[in-house]
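For reference, the chains in residue letters:
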Amino acid sequence: MEHSGPGVTPLSDDSLPPAPGSDVEDARRAAGGDRVAFERLYRGHVARIHSLARRMAGFEEAHEVTQDVFVRAWQKLGTFRGEAQFGTWLYRLAINVMLAYRGRMGTRRDRYGGADEVLDHLSARPAQVDLVLDFETAIERLPEGARQVFVLHDVEGFKHEEIGRMLGISPGTSKAQLHRARMLLRRNLGRT
């Protein structure tokens, strides 16, 4: 599965051979069709990708989105040049897949809209301690834009300029969404 073209360096062009059993070697082998090498890559990175998917797309969609990421990775392995770590390349690919997923879900969001109004009607301080939202659930309940900016900035460490480019928004909008997310989380986790 050799790919060439502008800006794409084939995986078989190696000036320094990767260490046996490394992600780079497994990526090279998987790009050539080695399913066992791809399975090693999958097992080594699935937990982190699933965690990102859970936060970006929500608990219910996380499994499907994670699978989409690895299907896309299999298709795109020929473009991995080895200039960065495989995990970094995969993570960036995962974010792109999740953002595309977000776009496809636009119709669904429109149909079931009103997330802000639902959050406005939740009690800020639950009557019973066992009803307090855990942090993951609270993140899932954030409106989608606020949730994605929160995860990308506060959890994954991206800067507002990077988030703006990824989501197609201005850095100012990213900052506003982050502030909104933090305020909603405070209120719904019972903090002032």
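What you see is a predicted model; the values in this text were computed from it and never measured. Each chain carries its own residue numbering, running from 1 in the direction its sequence is written. Only residues with pLDDT of at least 70 get local features here, since the model is predicted, and only at 80 or more are side-chain atom pairs given and counted; chain-wide, interface and lining totals rely on the full set of residues. The side-chain values count all of the structure's non-hydrogen atoms but skip hydrogen atoms and water molecules.

A. Region of the structure containing the overall build of the protein. Tallying secondary structure elements over the protein gives ten helices and zero strands in all. Put simply, DSSP marks the helices as runs of H or I at least four residues long and the strands as runs of E at least two long, and each gets a number from the N terminus on. Of the regular secondary structure in the protein, the N- to C-terminal order runs α-α-α-α-α-α-α-α-α-α. Counting the 192 residues in the protein, one finds 39% classified as buried. Should any heavy atoms of two residues lie within 4.5 Å, those residues are considered in contact. Nonlocal contacts in the protein, meaning residues at least 24 apart in sequence, comprise 64% of its contacts between residues at least 6 apart. Residue exposure ignores everything except the shown protein chains as possible cover, and the areas themselves are Shrake-Rupley values with a 1.4 Å probe. Accessible area of the protein: about 11,200 Å², with a carbon and sulfur share of 51%. Relative accessibility under 20% of the residue-type maximum defines a buried residue, over 50% an exposed one, and the middle range a partly exposed one, all with a 1.4 Å probe and only protein chains included.

B. Structural context of the packing of helix α9 (residues 160–167) against helix α10 (residues 171–188). The geometry of α9 relative to α10 is characterised by a closest axis approach of 8 Å and an angle of 100 degrees between their N-to-C directions. Judged by the angle between their axes, α9 and α10 are roughly perpendicular. Only P171, S174, K175 and L178 of α10 make contact with α9, whose side of the interface consists of H160, E161 and I163. Residue composition of the contact of α9 with α10, grouped by class: three nonpolar, two polar and two charged. Working convention: axes come from line fits to C-alpha atoms, limited for helices to the stretch in contact. Angles between N-to-C directions cover 0 to 180 degrees. Here the angle decides the label: under 35 degrees means roughly parallel, over 145 means roughly antiparallel, 65 to 115 means roughly perpendicular, and every other value means oblique. Gly falls in the polar group here, along with every residue not listed as nonpolar (Ala, Val, Leu, Ile, Met, Phe, Trp, Tyr, Cys, Pro) or charged (Asp, Glu, Lys, Arg).

C. Summary view of the packing of aromatic side chains. Here a pair means two rings of Phe, Tyr or Trp (six-membered ring of Trp) with centres within 6.5 Å. Their orientation is stacked below 30 degrees between planes, edge-to-face above 60, and tilted elsewhere. According to the stated counting rule, one finds six aromatic pairs in the structure shown. Ring-pair connections join several aromatic residues into one group, and the members of that group are F38, Y42, F70 and W74. Above the face of the Y91 ring, R48 is positioned so that its terminal group lies 4.0 Å from the ring centre. Only when the NZ atom of a Lys or the CZ atom of an Arg is both within 6 Å of the ring centre and within 35 degrees of the ring normal do we say a charge sits over the ring.

D. Up close: the pattern of salt bridges. Within this document, salt bridges are pairs made up of a side-chain nitrogen of Lys or Arg and a carboxyl oxygen of Asp or Glu, the two lying within 4 Å of each other. Taken as a whole and assessed by the stated rule, the structure comprises eight salt bridges. For R28, the salt bridge is made with E25, and the minimal N-O distance between the two is 3.9 Å. Taken together, the residues span about one helical turn, with R28 and E25 both in helix α1 (residues 23–31) at a distance of three residues. Overall, the relative accessible area of 13% leaves E25 in the buried class. A salt bridge links R182 to D154, with the shortest nitrogen-to-oxygen separation between them at 2.8 Å. With R182 in helix α10 and D154 in helix α8 (residues 144–155), this pair connects stretches of sequence that are 28 residues apart.

E. Local environment of the nonpolar core. Nine residue types can take part in a nonpolar core, namely buried Ala, Val, Leu, Ile, Met, Phe, Trp, Tyr and Cys, and a core is a set of them joined through side-chain atoms within 4.5 Å. Formed by 46 residues in total, the largest nonpolar core has its most connected members in L90 and M98. For this core, the leading source of residues is helix α4 (residues 86–104), giving eleven residues.

F. Quick peek at α10. Taking 1.5 Å per residue, 18 residues should reach 26 Å; α10 reaches 26 Å between its end C-alpha atoms and fits that length. The set of residues buried in α10 consists of S174, Q177, L178, A181, L184, L185 and N188. The buried residues of α10 all sit within an arc of 135 degrees when viewed along its axis, so they share a single face. Just downstream of α10, G190 is the residue with a positive phi angle, here 80 degrees. Expected span of a helix, by definition, is 1.5 Å for each gap between consecutive residues, and there is one gap fewer than residues. What the arc measures is the spread of directions leading from the helix axis to the C-beta atoms.

G. Expanded view of the side chain of H45. Among the secondary structure elements, H45 is positioned in helix α2 (residues 35–57). Leaving out residues up to four positions away in the same chain, H45 has contacts with D23, F70, F86, G87 and L90.

H. Summary view of the environment of D154. Judged by relative accessible area, which is 33%, D154 ranks as partly exposed. Taking the C-alpha atoms as reference points, D154 and L178, separated by 24 residues in sequence, lie 8.5 Å from one another. Not counting the four nearest positions on each side in its chain, D154 is found in contact with V149, L178 and R182. Whenever a nitrogen or oxygen atom comes within 3.5 Å of another N or O atom, the pair is scored as a polar contact, on the condition that within protein one atom can donate a hydrogen and the other can accept it, and that pairs from neighbouring residues in sequence are kept only if both atoms are in side chains. Engagement of the side chain of D154 in a polar contact is seen with the side chain of H153, the distance being 2.7 Å.

I. Broad picture of the environment of V46. Along the polypeptide, V46 turns up in helix α2. Considering only alpha carbons, one finds V46 and V69, 23 residues apart in sequence, at a separation of 9.5 Å.

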